[in-house]
Amino acid sequence: MLGGEHIGETTFIVDDLVCRYCKDMITRLVTSINGVSRVNINIHERTVNVAYDSRITDAYVIQMTLLKAGYKTLEEPGRVF
């Protein structure tokens, strides 16, 4: 807990994250989720790191949002940028 907030953080590997368009689309999708505070995307490593308020959302909601948009993900618990 940081500053009274409940901070969750997770990293996904997105195999089909291959270009700037994908990065921009994923950024828009994930930042539209209520409770998400930060999204860092690395195209070269194909990773999406997300920080969020765990009282509002969780990794499952984020993963399902990506899946519904056609992005298959693998969660990488414990990975830190």
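The paragraphs below set out a description of the structure included in this document. (Residues numbered from 1 in each chain as written. Predicted model: local features only at pLDDT ≥ 70, side-chain atom pairs only at ≥ 80, totals over all residues. Heavy atoms only, no water.)

When helices and strands are counted, the chain shows two helices and four strands. When the helices and strands of the chain are placed in sequence order, the string is β-α-β-β-α-β. Taken across its 81 residues, the chain has 36% of its residues classed as buried. Only carbon and sulfur atoms are counted for the fraction: they give 53% of the accessible area of the chain, which is about 5000 Å². (Helix = DSSP H or I, 4+ residues; strand = E, 2+ residues; numbered from the N terminus. Buried < 20%, exposed > 50% of the residue type's maximum accessible area, 1.4 Å probe, protein only. Areas by Shrake-Rupley, 256 points an atom, 1.4 Å probe, with all protein chains shown as cover.)

Moving on, we come to the environment of valine 18. The residue valine 18 is located in the loop between strand S1 (7–14) and helix H1 (20–31) in this model. As a C-alpha pair, valine 18 and arginine 46 span 28 residues in sequence and 7.1 Å in three-dimensional space. Residues in contact with valine 18, not counting those within four places in the same chain, are Ile43 and Arg46. (Contact = heavy atoms within 4.5 Å.)

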